[in-house]
Amino acid sequence: MAKSYDEKRQLILDTAAELFAKKGFEDVSVMDICNSCNITKPTFYKYVVSKESILTDIFKQGEKLVIPNMIELRKQNKLLPAFWTGMTGTLVVAENIGCDLLKSYIVTLLKQSTESDRFNTSLQIEMESIIEELQKQHLIKNMTAPKDIYKLAVYLNRGLLMMWAFNGGTFDLTASFRRSMVTILGIKDGRDLILRSDSDGLVYA
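Caption draft 1: Up close: the confidence of the model for the protein chain. On average, residues of the protein chain score 84 in pLDDT, and 86% of them are at 70 or above. Least confident of the elements in the protein chain is strand β1 (residues 194-196), whose mean pLDDT is 40; most confident is helix α2 (residues 30-37), at 96. A low-confidence stretch, residues 190-205 stays under pLDDT 50, and its non-local contacts, those more than four residues away or across chains, total 36 contacts.

Shown next as structure tokens:
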């Protein structure tokens, strides 16, 4: 049975991700990906723009998984878990792919002068709403505009991603983000908030 467009595209992305993990981004050519998928170069370019764009696609796929989980937690009125899920999705993806591939992704973004801050996304809209609700329920002390808190969290997220990637993944990326955000948000003590684990990381109950 012939594969659909989405299935073929996903095969290319998955195959490329495996090759990147094994050989490193720079040592994998478009032809390597084509050979592993049993496709030609013209076919490759029907499904993806470039080898570099695959890195962006890998991150976007990880981010897409975040929103449904975040919305489900919010429905259960687990606002802080929903916040952490939304803000650490990219960090989890980064930890999964490793610092070497993350460095290649960052360098690719820096080369793209048209790369925007990517605000006003569906994730931002949902996150701002969650932050506003956290403020209304007095679960955080920081009463700064939700839009500004979200942007600050994004910039912190990006800064930690770069530090983690270019320092060889020498610290717990997600735990570092949570520790900083606990201070920024002014999270109050209470049930279903933040607990300190044995590894000095922060997790929600």
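On we go from here.
Caption draft 2: The arrangement of the pattern of salt bridges in detail. All told, the structure shown has five salt bridges when counted by the stated rule. A salt bridge links D100 to K103, with the nearest nitrogen and oxygen atoms 3.9 Å apart. Taken together, the positions of D100 and K103, both in helix α6 (residues 99-111) and three residues apart, correspond to about one turn of that helix. For K103, a relative accessible area of 29% gives the class partly exposed. E132 is the partner of K136 in a salt bridge, and the nearest nitrogen-oxygen pair spans 3.8 Å.

Caption draft 3: Seen up close, the nonpolar core. F20, I33, I54, F83, L102 and F177 are the most contacted members of the largest nonpolar core, which totals 55 residues. Excluding residues that lie within four positions of it along the chain, F177 makes contacts with W84, M87, T88, L91, A153, L156, N157 and L160.

Caption draft 4: Inspection of the packing of helix α5 (residues 79-97) against helix α8 (residues 146-166) at higher detail. One way to put it is that α5 packs onto α8 with a least axis distance of 10 Å and a crossing angle of 10°. Between α5 and α8, the angle falls in the class roughly parallel. Contact residues: α5 offers M87, T90, L91, A94 and E95, while α8 offers Y150, A153, V154, N157, L161 and W164. Counted by class, the contact of α5 with α8 contains eight nonpolar, two polar and one charged residues.

Criteria and thresholds
- Residues numbered from 1 in each chain as written.
- Predicted model: local features only at pLDDT ≥ 70, side-chain atom pairs only at ≥ 80, totals over all residues.
- Heavy atoms only, no water.
- pLDDT = per-residue confidence, 0-100.
- Helix = DSSP H or I, 4+ residues; strand = E, 2+ residues; numbered from the N terminus.
- Contact = heavy atoms within 4.5 Å.
- Salt bridge = Lys/Arg side-chain N within 4 Å of Asp/Glu carboxyl O.
- Buried < 20%, exposed > 50% of the residue type's maximum accessible area, 1.4 Å probe, protein only.
- Core = buried A, V, L, I, M, F, W, Y, C linked by side-chain atoms within 4.5 Å.
- Axes fitted to C-alpha atoms, helices over the stretch in contact; angles between N-to-C directions.
- Parallel < 35°, antiparallel > 145°, perpendicular 65-115°, else oblique.
- Nonpolar A, V, L, I, M, F, W, Y, C, P; charged D, E, K, R; others polar.

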